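Chain by chain, the residues:
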Amino acid sequence: MMEQNNREQTLFTLEQLMTAIRWDEQGLVSTIVQDANSKDVLMLAYMNKDSLQQSINSGQTWFWSRSRNELWNKGATSGHTQTISWLRYDCDADALLIGVEQTGAACHTSNKSCFYRQADLTTGGPSSMVEELASNPAMILSTLQATIAERDELRPEGAYTTYLFEKGIDKILKKVGEETAEVIIAAKNRDKEELRYESSDLIFHLMVLWRESGLSLEAVLEELSNRHLKKKVE
């Protein structure tokens, strides 16, 4: 059996790989990234010929951003780099599988893997996000953080969060200030519904500010927890 497995491992040159891959109409190929040690699936991205060439030359993963139409080096800004251990393609030659040594988190949400959500199969099907949020309302904060992080990374055209990030820190701070004033006015007027609405706006814009400033929800919650524990000790 070992000899058969060894025979199935076929080595190929870069030129052979470029020719063998069935690139789609945009010149892209789906690329699955796997932890070379734990075998955990970390993420799915896309490569074109240039990013594949860059990846092999540098030993680090490079991908093609479909939203920004540009090459991007994984971890170039976050430090969460991926050092390539091996590279394979599937039997149909329409998908790549790359084994990497992952530094830090692979997902932009700070999770180790992008596949951190798990379906509940005990009832015969995936659990509803609405049901999950209803049973655990605080979950919306981590969900919102992940959405904001995704908007920051992908910058989808027409999204309000994209607009905020592209305008930069001054615009974000202005919105935080405006929403803070709205919260104050609603509270002063004793308007509970308006206070709830404006408080939600303020929290959202605060989380956008945290993302822009490199601060996570977990760090804020940790600070609150430390303060609570300190008071308990005192």
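Structure first, text after, so check above.
A brief look at the structure comes next. Bear in mind that the values here come from a model prediction, so they are computed numbers and not experimental data. (Residues numbered from 1 in each chain as written. Predicted model: local features only at pLDDT ≥ 70, side-chain atom pairs only at ≥ 80, totals over all residues. Heavy atoms only, no water.)

1. Remarks on the overall build of the chain
So, step 1. Across its full length, the chain holds nine helices and six strands.
So, step 2. Buried residues in the chain amount to 29% of all 234 residues.
So, step 3. Considering only residue pairs separated by 6 or more positions, the chain has 48% of its internal contacts joining residues 24 or more positions apart.
So, step 4. By element, 52% of the accessible surface of the chain is carried by carbon and sulfur atoms, the whole surface being about 15300 Å². (Helix = DSSP H or I, 4+ residues; strand = E, 2+ residues; numbered from the N terminus. Buried < 20%, exposed > 50% of the residue type's maximum accessible area, 1.4 Å probe, protein only. Contact = heavy atoms within 4.5 Å. Areas by Shrake-Rupley, 256 points an atom, 1.4 Å probe, with all protein chains shown as cover.)

2. Remarks on the pairing of strand S4 (residues 70-73)
So, step 1. One ladder, built from four bridges, connects strand S3 (residues 62-65) with S4; its direction is antiparallel. Bridge pairing in S4 places Phe63 opposite Trp72.
So, step 2. Counting the residues that bridge the hairpin from S3 to S4 gives four residues, and of these Asn69 lies at a positive phi of roughly 55 degrees. (Pairing = 2+ DSSP bridges.)

3. Quick look at the side chain of His205
So, step 1. By the secondary structure assignment, His205 is in helix H8 (residues 192-213).
So, step 2. Side chain to side chain, His205 and Tyr160 meet in a polar contact 2.9 Å long.
So, step 3. Once you skip the residues sitting within four places of it in the chain, His205 turns out to touch Tyr160, Leu164, Ile172, Lys175, Val176 and Glu179. (Polar contact = N/O pair within 3.5 Å; in protein donor to acceptor, adjacent residues only side chain to side chain.)

4. A word on the nonpolar core
So, step 1. One finds Met43, Met47, Leu52, Phe63 and Leu96 to be the most contacted residues of the largest nonpolar core, which totals 18 residues.
So, step 2. Those elements giving two or more residues to this core turn out to be helix H2 (14-20), strand S1 (29-35), strand S2 (41-47) and strand S6 (95-102).
So, step 3. With four residues, S2 is the single largest residue contributor to this core.
So, step 4. If near-sequence neighbours (up to four positions away) are discounted, Leu52 is found in contact with Leu17, Met18, Trp23, Met47, Leu87 and Leu96.
So, step 5. Counting residues in each nonpolar core, the second largest holds 13 residues, with Leu164, Ile172, Val176 and Leu202 among its members. (Core = buried A, V, L, I, M, F, W, Y, C linked by side-chain atoms within 4.5 Å.)

5. Quick notes on the side chain of Ser51
So, step 1. Within the secondary structure layout, Ser51 lies in helix H3 (residues 49-58).
So, step 2. Judged by relative accessible area, which is 0%, Ser51 ranks as buried.
So, step 3. With residues near it in sequence (within four places) discarded, Ser51 still touches Trp62, Phe63, Trp64 and Leu71.

6. Focus on the pattern of salt bridges
So, step 1. Using the criterion set out here, one finds eight salt bridges in the structure.
So, step 2. For Lys175, the salt bridge goes to Glu179, with nearest N and O atoms at 3.8 Å. Of this pair, Lys175 and Glu179 both sit in helix H7 (residues 169-188), separated by four residues, roughly a single helical turn.
So, step 3. Residue Glu193 pairs with Arg196 through a salt bridge whose shortest N-O separation is 2.7 Å. Residue Glu193 and its partner Arg196 are located together in helix H8, separated by three residues, close to a single helical turn.
So, step 4. Here Arg196 falls in the exposed class, since its relative accessible area comes to 56%.
So, step 5. Connected through salt bridges with shared partners, the residues Asp152, Arg155 and Arg211 form a single ionic network. (Salt bridge = Lys/Arg side-chain N within 4 Å of Asp/Glu carboxyl O.)

7. Observations regarding the sheet that holds S6
So, step 1. What the four strands build is an open sheet, ordered S2-S1-S6-S5; its pairing is mixed. Both edges of this open sheet fall to S2 and strand S5 (82-89), since each of them pairs with a single strand only. Averaged over neighbouring strand pairs, the angle between their axes works out to 30 degrees when direction is ignored.
So, step 2. Pairing of S5 with S6 involves seven bridges; the strand directions are antiparallel. By the bridge assignment for S6, Trp86 is matched with Gly99.
So, step 3. Its contacts with the sheet place H3 against S2, S5 and S6, and it is angled at close to 125 degrees to S2. (Axes fitted to C-alpha atoms, helices over the stretch in contact; angles between N-to-C directions.)

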